[in-house]
Amino acid sequence: MTHELLIQNLHSTKRDLYYTHPSFFKDQNSSDEALVAVASMLKVPRTSLHVVGGHRGCVSGMISFKESGNYIDCSQQGIEGKLISPYMESITDISVEARFCLIVEKDATFVRLNQDGFPKRYQCVMVTGKGYPDVATRLFLKRIQVECKLPMLALVDGDPYGIDILSVYALGSKKMCFDSERMALSNVRFLGILDKDFEKFQIPNSAKIPLTNSDRKRGESILARPAFSQFPEWRRELELMLKRGYKAEIQSLAGNDLQFLSQVYLPAKISEG
């Protein structure tokens, strides 16, 4: 099917690929793995096979661009932001009036910050991958970093999975390691949640959640990765987390004040330089 797509200069989604020939594959995951294997074998990005994922990541704030010739102003897209198209070649003429790009792990936090008017107040672009980012989100961020020269700041949960998601942005995923260089972000600044934040911002005990066995296994797995050693500060944060035995989610920063994140925590973290 990918051969036909390339010949006819058409595109398809991963889901369409599976449902076109469901008898070929055990399930959707099998189809996805086969696609990654073909791309790896050919040493080309998956998108070069004209197969893309669905829309997942969102962008908001002080950025505009053209998508298939249509002008998009992301500052006018509402609190849920603009879905990032998987058809990256359709995005042209990217322009920003921003000082930095804030990568937000969770969609709920992204929406909350948009409600508070954070992107306009602090002149930034905001992007969320809604958890582990898809290829389109990572490619879009890479274009912002390269074409617009924006510093990259990241806000993730204070748990091993948050740090794992951070490492995907900075290093790439294990599954698509052959294509990591094209998508990996350089010099991502880890804003938090950090170990020192618990005392500095008086995060209540009620927000401190005991690490699960799954959390510990994920943390130990991250520490064992050779590539992770290039981030000694991130490594220290993860080691401290495993030692103290508890974690905290971004939402816990709200406490009794829903605007604490946008008016106190993030401004303080950004001003640290």
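Residues numbered from 1 in each chain as written. Predicted model: local features only at pLDDT ≥ 70, side-chain atom pairs only at ≥ 80, totals over all residues. Heavy atoms only, no water.

Undergrad: Can you walk me through the confidence of the model for the protein chain in this structure?
TA: Predicted coordinates in regions of low pLDDT should not be interpreted in detail. On average, residues of the protein chain carry a pLDDT of 85, and 78% of them reach 70 or more. When pLDDT is averaged over each element of the protein chain, strand β9 (residues 124-128) comes out on top at 98 and helix α2 (residues 14-20) at the bottom at 59. (pLDDT = per-residue confidence, 0-100. Helix = DSSP H or I, 4+ residues; strand = E, 2+ residues; numbered from the N terminus.)

Undergrad: How do you make sense of the sheet that holds strand β10 (residues 152-155) when you look at a structure like this?
TA: The pairing of strands in a sheet comes from backbone hydrogen bonds and takes either a parallel or an antiparallel form. In spatial order, the strands read β6-β3-β9-β8-β10-β11; together these 6 strands make up an open sheet with mixed pairing. The open sheet terminates on both sides in strands that have one partner only, identified here as β6 (82-83) and β11 (189-192). Inspection of the sheet shows β10 paired to β11 by 3 bridges, in the parallel sense. Paired with leucine 153 across the bridge in β11 is arginine 189. Those strands touched by helix α12 (residues 260-271) are β8 (100-104), β10 and β11, and its axis lies near 140° from that of β11. (Pairing = 2+ DSSP bridges. Contact = heavy atoms within 4.5 Å. Axes fitted to C-alpha atoms, helices over the stretch in contact; angles between N-to-C directions.)

Undergrad: Honestly, the packing of helix α7 (residues 160-171) against helix α10 (residues 213-223) in this entry has me stumped. Any pointers?
TA: When two helices pack together, their arrangement is captured by the angle between the axes and the distance separating the axes. The N-to-C vectors of α7 and α10 enclose an angle of 35°; their axes lie 8 Å apart at closest approach. Crossing angle aside, the handedness with which α7 passes α10 is left-handed. Across from Pro160, Tyr161 and Asp164 in α7, the residues of α10 making contact are Ser214, Asp215, Arg218, Gly219 and Ile222. Here the residues of the contact of α7 with α10 are counted per class, giving 3 nonpolar, 2 polar and 3 charged. (Left-handed = near helix turned anticlockwise from the far one by under 90°. Nonpolar A, V, L, I, M, F, W, Y, C, P; charged D, E, K, R; others polar.)

Undergrad: Would you explain unusual backbone geometry in this entry?
TA: When glycine is set aside, most residues are seen to have a negative phi, and most peptide bonds are trans. With an omega of 15°, the peptide bond between glycine 192 and isoleucine 193 qualifies as cis. In this fold, isoleucine 193 is placed in the loop between β11 and α9 (197-200). Within the chain, serine 68 stands out as a residue other than glycine whose phi angle is a positive 55°. With respect to the secondary-structure elements, serine 68 resides in the loop between β4 (63-67) and β5 (70-73). A relative accessible area of 59% places serine 68 in the exposed class. Residue lysine 130 is not a glycine yet carries a positive backbone phi of 55°. Relative to the assigned elements, lysine 130 resides in the loop between β9 and α6 (135-148). (Buried < 20%, exposed > 50% of the residue type's maximum accessible area, 1.4 Å probe, protein only.)

Undergrad: Could you clarify how one ought to interpret the sheet that holds β5 in this entry?
TA: Overall, antiparallel pairing links the 3 strands, which are arranged β5-β4-β7 in an open sheet. At either margin of the open sheet sits one strand with a lone partner, and together these are β5 and β7 (91-96). On average, adjacent strands in this sheet sit at an angle of 15° to one another, irrespective of strand direction.

Undergrad: Is there a simple way to think about the environment of tyrosine 246 in this case?
TA: Residue position: tyrosine 246 is located in strand β13 (residues 246-247). Judged by relative accessible area, which is 22%, tyrosine 246 ranks as partly exposed. Sequence separation between tyrosine 246 and glycine 158 is 88 residues, and the spatial gap between their C-alpha atoms is 8.9 Å. Residues within four places of tyrosine 246 in sequence aside, it is in contact with Phe198, Lys208, Ile209, Pro210, Leu211 and Met241.

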